Structure formats: C-alpha cells, structure tokens
Amino acid sequence: EVKESKNFIEQIIDKDLAEGVYDTVHTRFPPEPNGYLHIGHAKSILLNYGLAQKYNGKFNLRFDDTNPTKEKSEFVESIKADVKWLGADWEDRLFFASNYFDQMYEAAVKLIKKGKAYVSDLSAEQIREYRGSLTEPGKEDPGSVRSVEENLALFEDMKAGKYEDGSKVLRARIDMASPNINMRDPVIYRVAHMSHQNTGDKWCIYPMYDFAHPIEDAIEGVTHSICTLEFEDHRPLYDWVVRELEYPHPPKQIEFAKLYLTNVVTGKRYIKKLVEQGIVDGWDDPRLVSIAALRRRGFTPESIKKFVELCGISKAQSSADYAMLEYCIREDLKTKAPRMMAILDPVKLVIDNYPEGQTEMLPVVNNPENEALGSREVPFGKELYIERDDFMEEPPKKYFRMFPGNEVRLMNAYFVKCTGCVKDENGKVVEVHGTYDPESRGGNSPDGRKVKGTIHWVSAAESVKAQVRLYENIIDEEKGVYNEDGSLNLNPNSLTTLTECRLEPAFAKAQAYDRFQFVRQGFFCVDCKDTKPGKPVFNRIVSLKSSYVL
Ligand code: ATP
Ligand code: MG
Ligand code: MG
C-alpha cells in the first residue's frame, strides 16, 4: 500500500488545526448560477466536499448570486442536481449570497463609519484612469476627502435610488500607491437599477464580488475558502475585508490551479454557439464535458472522482488529457457493467444444419470478473446476426473471423464453419451461411480442436432493434481547439448514429442511465433523453481499448 501524501491544502489545514487558528474545517462550493457546471467545477466540488469529509467538518453549497442578471434561477436546479449526483452532500447547508444583502449593506456602513470607505462620483472610466498602472501610482479620488457623515448620507441615498446607474460607487479606502492594483481603493458597491431573481426590486445597489465573497464566507463560518489561481492577487483584499469588519474567526482564502482538459470545449460562449447552430443537442450533449453531459454519456460519479484524484491538487497550471478520464471510466465499469452482445452493423448468419423453428437458451455469465452480477440465458437459433466486418469473402492474412471454409467460435455458443454467402445485385453480402457442430455447445469442442476467432452474435428472431451513437472528440485533436480566426476547430465525425443495431433480448429491460459493456465494442449507456419505450438509444461512453497508459 502506498502511503497517501498530503496535498498543499491539507498541509495548510493541518497547520491551522495544530496551531489552533481554527478548531474545525468548514468549506463551501460557491457557484454563480449563470451556466451549467463542467468537469473543472467537479474538481472544486469534490475537493471542498472531500476536505470537509476528511476532517470531519462541514460543506456548504452556496449560490453566489450577488450579480443580478436575468437568466439566473434556471441554473440553480441544474447545479444542485450536478452537485448531488457527484455525491457532495450539503445536508441542510444550502445558501444564497443574496440573502446576505442586508448584512453586506451593514458591513459597508461599518467601513464608512471607520473611515474605511467613501462615495465616489467618478465614472468607471475615470476610476480606471485614476488607478494608475504597474509603473505609476494611482491618483486620489476627489471623493476620498468626504466626511463620514457625508458618505453615510450619500450611501443611504444610493440605496434609496436617488442616483443613476454608474453615477456613484462606494470605494474601500486602502492605498492608491499599493503595488497591487486590487488594493487601490477598489469599488465595493455599485448602483444598478435591476431586479434580482431572489430579492426582486428591494435593492438598486449591489456589492462587488471581492467585497461580497469574504463576507459570505465569514457569515457561514467557512474556515478555508478555496478558489482558483486567478484570485491570488485578490487575497490581500479578501484579508483586508475580513480584518476591517472585525470577524472573530476570519476565513482564509487558498488558491489552487484550475483543471483544464485538452481538446474539449468548456467556454460558455462557445457551447452556446454550438447549441444555437444545432451542432450539439444541448448543454448535455454527450460530446461536451458539462457534468450533465458526462452523466448523460454514462460516466459515473466514481470515475470522475478517480479522475480528479489522479489530476491532483496543485498551484501549477496544467492540463489533463481526455484519455485519462476515459481510463477512469473504463476501470470503473470493467467489473460493474454486465457484458452483453450487441451487433452494431448486422448481417444475417444462417446455420444451415440447425433445426428449423428451434430456439435454445444458452447460459452466459454476466461478468467473468464479477461473480455477483450473476448470469443470464441467451436465445440461440437458426438465424443470427453477426457484425458485417466479422465476415470477409476474401480475407487478408491474419484474418481469423468468418470466411468460406473457416471455423470460428460463436461466443458462449457453438463452433460454426462458414460455407459461403449470398449477395444482392450490387454485390453486397446479405447473408452468411455456415454449419454448426452440436458437440461444441458452450463454445468448446470435446475433441479439443482449436479455433482462432471468436465472434459475438444475437438471435435474429429475439433480438431488440436499437439506435447506437458512437462519439469522437468534438474537436479535431491533431490541430487543437481553435482555428487561426478563433473559431472552433470541429471534428466533422464527432457523431455517428447507427440505426439498425440488433441487441440480445435482455436489453429490452434497459432503463435510462443503465451501463453495459457491449462485448468487443466498448461501454455504452442508455440515453436519458432520446430513449422511448421499446426504442432504446445507447451512447458509447468509451471504447474498450486505448493506447493510454497511466
Ligand atoms: P466558468 O467561467 O468556467 O463557468 P467560473 O469560475 O466562472 O467558471 P463559478 O461559478 O464562478 O465559475 O465557479 C464556482 C467555483 O468553481 C469557483 O470556486 C471556481 O474557482 C471553481 N472553478 C471554476 N472553474 C474551475 C476549473 N476549471 N477547475 C477548478 N475549479 C474551477
Ligand atoms: Mg460559472
Ligand atoms: Mg466566476
């Protein structure tokens, strides 16, 4: 057994607990409800939840809904479903940052009273100008000389709706000469006459993210506020806010590197375009890597957890290969999924010496690597379907499957010797013929003779017709995600729909999200959207083989 080494966040937590900085661990996942969650968010969810679990602490799901834009509420439900599906249980700790608007307003008043915030009349553009740059210090805001009383009155008027959008802001008074531009009197409140999905028209001033977020964490008793690297430069401001507001047990911010996957599309604006252009059938199209898409494709929460663990937690920006995600689902389903027979591109095989009208049931083990999955009976008869490419009239060297004169094993059934085929007027093979050896029932001959090829099959009469979708990367891997003009470099073959597939009858009972191994083909999942009663649709999760090595 390998001893697990602790990641840098766990090391920080251990130290905090040892030094008594905190006596408990409390984390949160704080999505903005403005889109679907993707694989990167899964990393953040599992990291935060995992830490709470590991340290016997608490985990909150908090919607960071302080920015009032229209399309927000519709994403709340999808985010909750995704977090739940990943197994991150927030119990009774579901929060909305907008419920803290009163406390945030009071916090701003407190800063004004301490002389730590002032009302500014500068426009957004002027504020940017006054801020200076890395090489020149900022200029004082003319509003910064205002008295506490004047600031209190102006801020109250801002709240009362006396000012137009953009005409006044509240700024924190920190340091216009700070080498960190975020500390040059950042804006903490702005006027926006917008209706909010939760608070309606109660507010026409809204707090800025850098001010709101530490307050949300502090109110909820969060200890370790984990975010991604782009907020590293904002940490001094986070610390300033919790210090000036004098929280007794201030939370601390810790940054880690975002998870990037190669050759996938995660950008909202690109996905939106793909949806609008009908290239994908929604945010959960199985070729995408939103959590909803991964779930629909057939990934398990366990496979995503494994993937996130393999990626590790670090401060160094890096990207993971999609093949690693595929490795994780293959490993997970290897023993979990029953192995059944499905013919994707069928051609009929007629066993000429098999009795007409007879059907026999052959026992088949569901998963040789997992006894617990039991066994089933598969019907066998005179007319079967096999894969079209398991027969060749004129085979090349090293082709061991069906060709005239060759004997193969029908998996779990009998030896069959190919005798020929029937073709239509265009030369297309419509029927393969053969004879079986009744002595070889179960797939082995008592005389010990060997065959080199084993192929799968289904009984023609009892088979279930199904649609099967094969996927490739939505991006052309060789050339990367973007074209020179910034457009997406799409792979035209990312979706292949097979409509004539024939599956063994046990598939008739398959329900949405059920996962199977189609022997010799890969892992497949019943599509939750397009499956209709008696008309199953399967998505290929992943093929069986890969050149990927861990
Ligand atoms: P996107 O723009 O891709 O939706 P975001 O940062 O705007 O990402 P938020 O809803 O603000 O999304 O993020 C919620 C949480 O998820 C934040 O704590 C954020 O740091 C984290 N997060 C977002 N993207 C990633 C990623 N690629 N890897 C790890 N964590 C991420
Ligand atoms: Mg987001
Ligand atoms: Mg964000």
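Small disclaimer: the values here were computed from a predicted structure and weren't measured.

## Structural notes on the site of ligand 1
Part 1 of the argument: Around ligand 1 sit 13 residues in total, of which Pro31, Gly40, Ser44, Thr228 and Lys258 are the nearest.
Part 2 of the argument: For the shell around ligand 1, the secondary-structure elements that each account for two or more residues are helix 2 (39-54) and strand 8 (224-228).
Part 3 of the argument: Considering each element in turn, the shell around ligand 1 owes the most residues, four residues, to helix 2.
Part 4 of the argument: Within the shell around ligand 1, the residues separate by chemical class into four nonpolar, six polar and three charged.

## Observations concerning the packing of helix 11 (residues 301-311) against helix 12 (residues 322-336)
Part 1 of the argument: Interhelical geometry of helix 11 versus helix 12 gives an angle of 135° and a closest axis separation of 8 Å. With respect to each other, helix 11 and helix 12 are oriented oblique. When the axes of helix 11 and helix 12 are compared, the crossing they make is right-handed. Of the residues in helix 12, those in contact with Glu302, Ser303, Lys306, Phe307 and Leu310 of helix 11 are Met324, Leu325, Cys328, Ile329 and Asp332.
Part 2 of the argument: Partitioned by chemical class, the residues of the contact of helix 11 with helix 12 number six nonpolar, one polar and three charged.

## Here we look at the pairing of strand 23 (residues 464-471)
Part 1 of the argument: Relative to strand 24 (residues 495-503), strand 23 runs antiparallel, the two sharing seven bridges. Within the sheet, the bridge partner assigned to Val464 lies in strand 24 and is Leu503.
Part 2 of the argument: Here three bridges tie strand 23 to strand 27 (residues 537-543), and the two strands are oriented parallel to one another. Note that in strand 27 the partner of Gln467 across the bridge is Val537.

## Regarding the UniProt feature "binding site: ATP" (unreviewed entry) in the chain
Part 1 of the argument: Within this structure's numbering, the places UniProt gives as "binding site: ATP" (unreviewed entry) are Glu32, Pro33, Asn34, His38, Ile39, Gly40, His41, Ala42, Lys43, Ser44 and Thr228.
Part 2 of the argument: Secondary-structure assignment places Asn34 in the loop between strand 1 (26-29) and helix 2.
Part 3 of the argument: For Asn34, a count of 15 C-beta atoms within 10 Å corresponds to the partly exposed category.
Part 4 of the argument: Excluding its chain neighbours within four sequence positions, the residues that come into contact with Asn34 are Thr69, Lys72 and Phe75.
Part 5 of the argument: Of note, His38 is situated in the loop between strand 1 and helix 2.
Part 6 of the argument: By the C-beta count within 10 Å, which is 25 here, His38 ends up buried.
Part 7 of the argument: Sequence-distant contacts of His38, that is, excluding residues within four places in its chain, are made with Thr266, Val289, Ser290 and Ile291.

## A closer look at the UniProt feature "domain: tRNA synthetases class I (E and Q) anti-codon binding" (unreviewed entry) in the chain
Part 1 of the argument: Under the present numbering, the feature "domain: tRNA synthetases class I (E and Q) anti-codon binding" (unreviewed entry) in UniProt falls on residues 454-527.
Part 2 of the argument: Measuring from the first to the last C-alpha atom of residues 454-527 gives 29 Å, for a span that is 0% helix and 41% strand.

## Some thoughts on the domain arrangement of the chain
Part 1 of the argument: What the domain assignment reports for the chain is domain 1 (8-256), domain 2 (260-336) and domain 3 (339-543).
Part 2 of the argument: Each of domain 1 and domain 2 has a C-alpha centre, and these two points are 29 Å apart.
Part 3 of the argument: Mapped by element, the contributors of at least two residues to the side of domain 1 that touches domain 2 are helix 1 (8-18), helix 2, helix 3 (73-85) and strand 9 (252-256).
Part 4 of the argument: With six residues, the single largest contributor to the side of domain 1 that touches domain 2 is helix 2.

## What about the sheet that holds strand 1?
Part 1 of the argument: Here three strands make up an open sheet; going across it, the order is 1-2-3 and the pairing parallel. Each edge of the sheet is formed by a strand with only one pairing partner; in this case those strands are strand 1 and strand 3 (94-96). On average, adjacent strands in this sheet sit at an angle of 35° to one another, irrespective of strand direction.
Part 2 of the argument: Pairing geometry for strand 2 (residues 58-63) and strand 3, over three bridges, is parallel. Bridge pairing in strand 3 links Phe63 to Phe96.
Part 3 of the argument: Running over the sheet, helix 2 touches strand 1 and strand 2 and is turned about 160° from strand 1.

## Details of helix 4 (residues 101-113)
Part 1 of the argument: The terminal C-alpha atoms of helix 4, which comprises 13 residues, lie 18 Å apart, in line with the 18 Å expected from a rise of 1.5 Å per residue.
Part 2 of the argument: Among the residues making up helix 4, those that are buried are Phe101, Met104, Ala107, Ala108, Leu111 and Ile112. Along the long axis of helix 4, the arc covered by the buried residues comes to 145°, so they all point the same way.
Part 3 of the argument: Residue Gly115 follows helix 4 closely and has a positive phi angle near 75°.

## Brief notes about unusual backbone geometry
Part 1 of the argument: In this model, Glu91 sits at a positive phi of 50°, which is unusual for a non-glycine residue.
Part 2 of the argument: Following the sequence through the fold, Glu91 ends up in the loop between helix 3 and strand 3.
Part 3 of the argument: Residue classification places Glu91 among the exposed residues on the basis of 9 C-beta atoms within 10 Å.
Part 4 of the argument: One non-glycine residue, Lys398, lies in positive phi territory at about 65°.

## As for the environment of Gly221
Part 1 of the argument: Examined against the element boundaries, Gly221 turns out to sit in the loop between helix 7 (209-220) and strand 8.
Part 2 of the argument: Between the alpha carbons of Gly221 and Glu331 there is a distance of 39 Å; along the sequence they are 110 residues apart.

## Section: the confidence of the model for the chain
Part 1 of the argument: On average, the chain scores 95 in pLDDT, and the residues at 70 or more come to 99%.
Part 2 of the argument: As a predicted assembly, this complex carries a pTM of 0.94 together with an ipTM value of 0.96.

## Observations concerning the environment of Phe518
Part 1 of the argument: Position of Phe518 among the secondary structure elements: in strand 25 (residues 515-518).
Part 2 of the argument: Residue classification places Phe518 among the buried residues on the basis of 24 C-beta atoms within 10 Å.
Part 3 of the argument: Here the alpha-carbon distance between Phe518 and Pro346, two residues 172 residues apart in the chain, equals 14 Å.

## Concerning the nonpolar core
What tends to happen in soluble globular proteins is that the nonpolar side chains get buried as a cluster.
Part 1 of the argument: In this structure, Ile386 and Trp457 are the most contacted members of the largest nonpolar core, which totals 93 residues.
Part 2 of the argument: In terms of residue count, helix 2 provides more of this core than any other element does, eight residues in total.
Part 3 of the argument: Apart from the residues within four sequence positions on either side, Ile386 is in contact with Ile343, Val347, Leu349, Phe391, Val432, Ile455 and Trp457.

## Notes on the sheet that holds strand 6 (residues 187-191)
Part 1 of the argument: Sheet architecture is open: four strands sit in the order 4-5-6-7, paired in antiparallel fashion. With partners counted over all chains shown, the strands left at the sheet margins are strand 4 (117-120) and strand 7 (205-207), one partner each. Mean inter-strand twist for the sheet, computed between neighbouring axes without regard to direction, equals 20°.
Part 2 of the argument: Sheet analysis places strand 6 next to strand 7, joined by three bridges and oriented antiparallel. Its bridge partner lying in strand 7, Arg190 is registered against Tyr206.
Part 3 of the argument: Contacts from helix 6 (residues 148-160) reach strand 4, strand 5 (169-172), strand 6 and strand 7, with the element oriented near 60° to strand 4.

Thresholds applied
- Every residue gets a number counted from 1 within its own chain, in the order that chain's sequence is written.
- Here the convention is simple: chains get letters from A, ligands get numbers from 1, in the order in which they are written.
- Reporting in this predicted model follows two pLDDT cut-offs: at least 70 for local features of residues, and 80 or more for side-chain atom pairs to be given and counted; totals over whole chains, interfaces and linings ignore these cut-offs and use all residues.
- Being near a molecule or strand means, for a residue, that its backbone-placed C-beta atom lies within 6 Å of it.
- A run of H or I in DSSP becomes a helix once it reaches four residues, and a run of E becomes a strand once it reaches two; helices and strands are each numbered from the N terminus.
- The classification used treats Ala, Val, Leu, Ile, Met, Phe, Trp, Tyr, Cys and Pro as nonpolar, Asp, Glu, Lys and Arg as charged, and all other residues, Gly among them, as polar.
- Lines fitted to C-alpha atoms define the axes, with helix axes restricted to the stretch in contact, and inter-axis angles between N-to-C directions lie between 0 and 180 degrees.
- For classification purposes, an angle smaller than 35 degrees is called roughly parallel, one larger than 145 roughly antiparallel, one from 65 to 115 roughly perpendicular, and anything else oblique.
- Each crossing gets its hand from how the near helix is turned against the far one by less than a right angle, where anticlockwise is left-handed and clockwise is right-handed.
- Here contacts are defined at the residue level, using C-beta atoms placed from the backbone and a cut-off of 7 Å between them.
- Strands are treated as partners if at least two bridges between them are detected by DSSP.
- UniProt positions are given in the numbering used here, feature names are shortened, and annotations may be inferred rather than shown by experiment.
- Whether a residue is buried, exposed or partly exposed follows from its count of other C-beta atoms within 10 Å of its own C-beta, namely 20 or more, 12 or fewer, or something in between, respectively; the C-beta atoms are built from the backbone.
- Residue ranges assigned to each domain were obtained from an automatic or database domain assignment.
- Multiplying one less than the number of residues by 1.5 Å gives the expected span of a helix.
- This arc corresponds to the set of directions leading from the helix axis out to the C-beta atoms.
- Values of pLDDT, the confidence the predictor places in each residue, fall between 0 and 100.
- As used here, a nonpolar core is made of buried Ala, Val, Leu, Ile, Met, Phe, Trp, Tyr and Cys residues. They are joined through C-beta atoms within 7 Å.

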